[in-house]
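Descriptive structure summary
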Amino acid sequence: MPAAAARPRRKTAAVPPKPAPKVGFVSLGCPKALVDSERILTQLRAEGYETVGNYDSADVVIVNTCGFIDSAVAESLDAIGDAMAENGKVIVTGCLGAKREVITERFPDLLSITGPQDFRGVMDAVHTAVPPRHDPFLDLLPPQGIKLTPRHYAYVKISEGCNHKCSFCIIPSMRGKLRSRPVDEVLVEAQKLARAGVQELLVISQDTSAYGADLKYARRSFRDREYETRMLDLCRGLANLDAPHRPWVRLHYVYPYPHVDGVIELMAEGLVLPYLDVPFQHASTAVLKRMKRPAAAENTLRRLEAWRSICPDIAVRSTFIVGFPGETEAEFQTLLDWLDEAQLDRVGAFTYSPVEGATANALPGAVPQEVMDERLERFMTRQAAISEAKLAKKIGKTLEVLVDEVGPEGVIGRSYADAPEIDGRVILEGGARLKAGQRVMATVTDADTHDLYATVVKG
Ligand code: SF4
């Protein structure tokens, strides 16, 4: 039998893989916009796009804009202008996208403009501009998605939109009515984050105390337990994640309604950080009514007293607007007196600034800028003294501190009373070997107006 002739081997030429399409990304605005950015970036990565930090090498640039106040609009338009000048292929999305004409007037040649949360619209525009490269290996994603925050903390958006009609705000017209995510969906996301090592979950929305009202507080199950889609059950679920460590849970944008008391009890039990971000905005009932604020009729001082009787260590943060149209000196004085009694831990304040499209613009009694500036100064001076006195009382106490950064400035962390970016810091001594994301016990040795100084006692 003749030997079988050797079959010629088929040669395969090594084809270099097609380079990944590159997307430049500019993210502006509040934590809610940041979460939208994270969702888009996660999807881009899932589809094999590479994100780049410069305009030159990007095939297309996405600008996620903010349109909340006039200075944010200006910043967004500048960012679009830079992207157009440096790259020329630009997709615009986010809050300012809801005001299309403001953008097209200056930039008629954009590839696409979409409003907030139009995640599909953004991806469609990207696909049209730069089709995705098929590469199954690039479909692999970290289970928690792509985060823009440091690895050790993450924002968790529980709902979108708002049912209120505050006269200085255009968010409901831009983002629509309240739409809550079912509680199990939020808990699954939180669990993935916790399993990926996230140490702090920051719950955000436009109105966390209204969470679930649109879903009629739908019941869902998570880890063999039933939860209602409402703030209290969400907090219970977040305290019951299946992860090697339990992350801190911090609540933002909560209104002072009576049902919030149940959550304060969870804080007293140590299940949720004893921290509440309550945007009071003012204390004069007349001003609050002109602002059309939710819970305007609540006796907020009594509410604070009730919360402190349940959880004495609770840290309350708030923001205020000074110089709202028609604010009289007497109304401002009511705010100062309230501030003295309320003894808030963390406070941010702004002078009133009109937002295009807000109904407050039609209110009479605009307060001159110099009067607003002078009131803001008085307000912040009053609060600085309160803050300094409150922080001084922490000297000698031992607190858990989450390390944010270890760098040339030393080791900087935060306690339960400090949300990232907006509150104070804890500057640590004796933590040279620490890493960002570690939680340590530290004894407070000194304090100033906003920050604490502490020595690590247990790493
Ligand atoms: S509660 Fe008021 S300020 Fe907050 S998003 Fe709703 S309308 Fe705007």
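As a reminder, the structure under discussion sits directly above these lines.
A brief look at the structure comes next. The structure displayed is predicted, hence computed values, not measured ones.

1. Let's talk about the overall build of the protein chain
Looking only at helices and strands, the protein chain has twelve helices and 20 strands in total. When the backbone C-alpha atoms are referred to their principal axes, the protein chain occupies close to 110 × 55 × 50 Å. Going through the 459 residues of the protein chain one by one, you find that 53% of them count as buried. Taking the contacts inside the protein chain whose residues are at least 6 apart along the sequence as the reference set, 73% of them involve residues at least 24 apart.

2. Describing the site of the ligand
Near the ligand, the surroundings consist of Cys162, His164, Cys166, Phe168, Cys169, Ile171, Pro172, Gln206, Tyr255 and Arg293. Residues belonging to the shell around the ligand are distributed by class as follows: seven nonpolar, two polar and one charged.

3. Digging into the packing of aromatic side chains
Taken as a whole and judged by the stated rule, the model has seven aromatic pairs. Summarising the aromatic geometry, the rings of Phe168 and Phe324 are spaced 6.4 Å apart at their centres and angled 80° between planes, so their arrangement reads as edge-to-face. Taken together, the residues span a long stretch of sequence, with Phe168 in the loop between strand E7 (159–160) and helix H5 (171–175) and Phe324 in the loop between strand E14 (315–322) and helix H11 (329–342) at a distance of 156 residues. The exposure class of Phe168 is buried, given its relative accessible area of 9%. Ring geometry for Phe320 and Phe379: centres 5.3 Å apart, planes at 55°, overall tilted. A residue pair is termed long-range when its members are at least 10 positions apart, and Phe320 in strand E14 and Phe379 in helix H12 (residues 369–392) qualify at 59 residues. Take Phe320 and Phe379: they sit in the same class, and that class is buried.

4. Here we look at a negative patch on the surface
A cluster of acidic residues, Asp56, Glu75, Asp78, Asp82 and Glu86, forms a negative patch on the protein surface. Tracing the sequence through the fold places Asp78 in helix H2 (residues 70–86). By relative accessible area, which is 47% here, Asp78 ends up partly exposed.

5. Things to note about helix H10 (residues 300–310)
Residues of H10 that are buried include every one of Thr300, Arg303, Leu304 and Trp307, and no others. For H10, the arc enclosing every buried residue in end-on projection is 100°, short of the 170-degree limit, so these residues lie on one face. Facing away from the buried side of H10 by more than 90 degrees, the exposed set consists of Arg302, Glu305 and Ser309. Contact partners of the buried residues in H10: helix H8 (261–268), strand E13 (275–277), E14 and H11.

6. Some words on the sheet that holds strand E19 (residues 439–447)
Within the closed barrel, the five strands sit side by side as E16-E17-E18-E20-E19. Their pairing is mixed. Neighbouring strand axes in the sheet, compared pairwise and without regard to direction, differ in orientation by 55° on average. Alignment of strand E16 (residues 398–407) against strand E17 (residues 410–414), held across five bridges, turns out to be antiparallel. Note that in E17 the partner of Glu405 across the bridge is Ile412.

7. Overview of the nonpolar core
If you look at soluble globular proteins, the nonpolar side chains tend to sit buried side by side. The biggest cluster of nonpolar side chains holds 52 residues, and the ones touching the most others in it are Leu234, Leu251, Met267, Leu276, Phe320, Leu344 and Phe379. Every residue in contact with Leu234, bar those within four places of it in the chain, is listed here: Ile158, Val183, Val186, Leu187, Val203, Tyr211 and Glu228. Val401, Ala447, Ala454 and Val456 belong to the second largest nonpolar core, which has 23 residues in total.

8. Concerning the packing of helix H6 (residues 183–195) against helix H7 (residues 231–238)
Relative orientation of the contacting elements H6 and H7 amounts to 30°, with a least axis distance of 10 Å. Taken together, the axis directions place H6 and H7 in an arrangement best described as roughly parallel. For the crossing formed where H6 meets H7, the hand is right-handed. Every residue of H7 that contacts H6 at Val183, Val186, Leu187 and Ala190 is listed here: Leu234, Gly237 and Leu238. For the contact of H6 with H7, the residue count by class is six nonpolar, one polar and no charged.

9. Section: the packing of H7 against H8
Contact geometry for H7 and H8: axes closest at 9 Å, N-to-C directions at 20°. Relative to H8, H7 is oriented roughly parallel. In the packing of H7 onto H8, the handedness of the crossing is left-handed. Contact residues: H7 offers Met231, Leu232, Cys235 and Arg236, while H8 offers Gly262, Val263 and Leu266. Class assignment of the residues belonging to the contact of H7 with H8 gives a composition of five nonpolar, one polar and one charged.

10. Some words on the environment of Val26
Mapped onto the secondary structure, Val26 falls in strand E1 (residues 22–27). Classification of Val26 by relative accessible area gives buried; the value is 17%. Residues Val26 and Gly53, spaced 27 residues apart in sequence, show a C-alpha to C-alpha distance of 8.9 Å.

11. Points about the sheet that holds strand E4 (residues 90–94)
Strand order in this open sheet of five strands is E2-E1-E3-E4-E5, and the pairing throughout is parallel. Sheet topology places strand E2 (50–52) and strand E5 (112–113) at the edges, where each strand pairs with a single neighbour. Strand direction decides the pairing type here: E4 and E5, joined by two bridges, are parallel. Within E5, the residue paired with Ile91 across the bridge is Ser112.

What counts, and at which threshold
- Residues numbered from 1 in each chain as written.
- Predicted model: local features only at pLDDT ≥ 70, side-chain atom pairs only at ≥ 80, totals over all residues.
- Heavy atoms only, no water.
- Helix = DSSP H or I, 4+ residues; strand = E, 2+ residues; numbered from the N terminus.
- Buried < 20%, exposed > 50% of the residue type's maximum accessible area, 1.4 Å probe, protein only.
- Contact = heavy atoms within 4.5 Å.
- Near = heavy atom within 4 Å.
- Nonpolar A, V, L, I, M, F, W, Y, C, P; charged D, E, K, R; others polar.
- Phe/Tyr/Trp six-rings, centres within 6.5 Å; stacked < 30°, edge-to-face > 60°.
- Patch = residues over 30% accessible without salt bridge, like charges linked within 9 Å, V, L, I, M, F, W, Y side chains within 5 Å.
- Areas by Shrake-Rupley, 256 points an atom, 1.4 Å probe, with all protein chains shown as cover.
- Salt bridge = Lys/Arg side-chain N within 4 Å of Asp/Glu carboxyl O.
- Lys, Arg positive; Asp, Glu negative; His and termini not counted.
- Charge placed at Lys NZ, Arg CZ, Asp CG, Glu CD.
- Arc of directions from axis to C-beta.
- Pairing = 2+ DSSP bridges.
- Axes fitted to C-alpha atoms, helices over the stretch in contact; angles between N-to-C directions.
- Core = buried A, V, L, I, M, F, W, Y, C linked by side-chain atoms within 4.5 Å.
- Parallel < 35°, antiparallel > 145°, perpendicular 65-115°, else oblique.
- Left-handed = near helix turned anticlockwise from the far one by under 90°.

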